[in-house]
Amino acid sequence: MTPSAPDGPVPKGRSRRNFAGARPVMADVARMAGVSKQTVSRVLNDHPAVRRETREAVLEAMRTLGYRPSRSARSLASGRTRMLGVISFDAARYGPASILTAINTAAQEAGYLVSSIALDTADHDTVVEAVDRLSAEGADGVIAIAPQLWVGRALAETTGLGTPLVVLESALDEETPLVTGDSRTGARKATEHLLGLGHATVWHIAGPAGWTSADHRLTSWQGTLRAAGAAVPAPLVGDWSAGSGYDLGHRLARRPDVTAVFASNDQMALGLLHALHEAGRSVPGDVSVVGYDDVPEAAHFLPPLTTVRTDFAEIGTRSLRLLLDRIDGPGDRPRVDTLVPVDLVVRASSGPPPVR
C-alpha cells in the first residue's frame, strides 16, 4: 500500500508528494496554487501577463512541492529546448577554456544547458558536421569559438540552417554577431610600451598564420613600428606553445641587437624567457619581454611577465548575451561587432635598453 502524505508541516527540503514516492508534476503545482496549467507554464517562461500575486502563489507551490520543471516541459511550453551549443577548437589552451567556462556559467544563470563539441581538427567538413549535429539536437542557438580564418569560412555555409549563431574571433558575414578581444589595440600597446622605454625597435614572435588574433597582432605590431619610424624586423612564427617560444628564443638570444621582444601569447613568452636565461641574456637588463593574454601564472614567471590582459570571461559572457538576444528577437538585423577592451599589465620583464 502506498503511504499517504501526512497532514502536518512538510519538513524542509521535502514535499508532500515526495512522501508518496512520486515526483510532483505541473498539474500538482496548478492544483495547489489554484490556477490552470497554462498559468504555471507562463510563470515558468516568465510571461509578462501574469499578475504578481499569481506568480508568487505558483512559485510558492513549486517550493512547497519541490517541483523542478524538466527540459521537456519547458520545451513544450515555450517551443524551445533551453539548450545551447558551443563549438570550440584547441580547447585546452587558456583562452578558449576560460571562454567556455564563462559561457557555461552565464548560460546556467539564464536557465540554459550547454552542449559542447570540442574539435581537434578544424577542417571544413568537421565544422559543418558539428553545427548540423547541434541543430539536430534542437539547440536554440550556437556559439562558435572560431580562431582560424578557414573555420569562419566553413561556418558561413551553415548560417542558412536557421539556428541563431554567434562567432568568436572570425567574422562570417553581414548578419552573424562577432565577439573578440581587441588584439590590434593590445599589440599596439605592447609595442608602444617597449618603444617608450627607449628601445630602437621591437622584435616579434607571432602566432601561427591564419589565426585571426595572431594576424591582427602581427599587422598592428608592424604598423606601430612604421608609425614610430622604427625598423620592422622579420617576424618569427611560433605555434602558441612554450616549446616554439623556446626554440625561436635561442635564435633571438644569439643576436646582440635584440633588446625587446613582443610575443603573441604568454606561453611563447615563457619559452623565450627560458632560452634567454640559458644564453646568459638577462631580462630585462639585456632584453625586455612582453607577452599576451595574462595567464594566471604570468605574475609568477621569472621575472614576472609584462603582458596584455584579455578578459576572456567577459568575451564568454558577452557572446552568451548576444546569442540570447538573437534567440529572443529573430529576424534580419545588421551584424553586431563587439570588441572587448584589453589592458597592458606592466611587470618586471620590461625595462629600458642596455647602455652600449
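Residues numbered from 1 in each chain as written. Predicted model: local features only at pLDDT ≥ 70, side-chain atom pairs only at ≥ 80, totals over all residues. Heavy atoms only, no water.

- The protein goes by LacI family transcriptional regulator in an unreviewed UniProt entry, where it is assigned to Streptomyces qaidamensis.

### What to know about the packing of helix H11 (residues 242-253) against helix H12 (residues 266-278)
Inference 1: Two numbers describe how H11 lies on H12: the axes approach to 6 Å, and their chain directions differ by 40°. In terms of axis orientation, H11 runs oblique to H12. In this structure, the crossing between H11 and H12 has a hand that is right-handed. Side by side, H11 and H12 meet where Ala242, Ser244, Gly245, Tyr246, Gly249, His250, Leu252 and Ala253 of the first sit next to Gln267, Met268, Gly271, Leu272, His274, Ala275, Leu276 and Glu278 of the second.
Inference 2: Among the residues making up the contact of H11 with H12, the classes are represented as 8 nonpolar, 7 polar and 1 charged. (Axes fitted to C-alpha atoms, helices over the stretch in contact; angles between N-to-C directions. Helix = DSSP H or I, 4+ residues; strand = E, 2+ residues; numbered from the N terminus. Parallel < 35°, antiparallel > 145°, perpendicular 65-115°, else oblique. Left-handed = near helix turned anticlockwise from the far one by under 90°. Contact = heavy atoms within 4.5 Å. Nonpolar A, V, L, I, M, F, W, Y, C, P; charged D, E, K, R; others polar.)

### Structural notes on the sheet that holds strand S11 (residues 337-340)
Inference 1: Ordered in space as S2-S1-S3-S4-S5-S11, the 6 strands form an open sheet in which the pairing is parallel. Of all the strands in the sheet, just strand S2 (113-119) and S11 have a single pairing partner and so form its edges. Between one strand and the next, the sheet's axes are offset by a mean angle of 15°, whatever the strand orientation.
Inference 2: Where strand S1 (residues 83-89) lies against strand S3 (residues 141-146), 4 bridges are found, and the strand directions are parallel. Residue pairing in the sheet places Leu84 in a bridge with Gly141 of S3.
Inference 3: Contacts between helix H7 (residues 124-136) and the sheet are confined to S1, S2 and S3, with S2 contributing the most and set at about 165° to the helix. (Pairing = 2+ DSSP bridges.)

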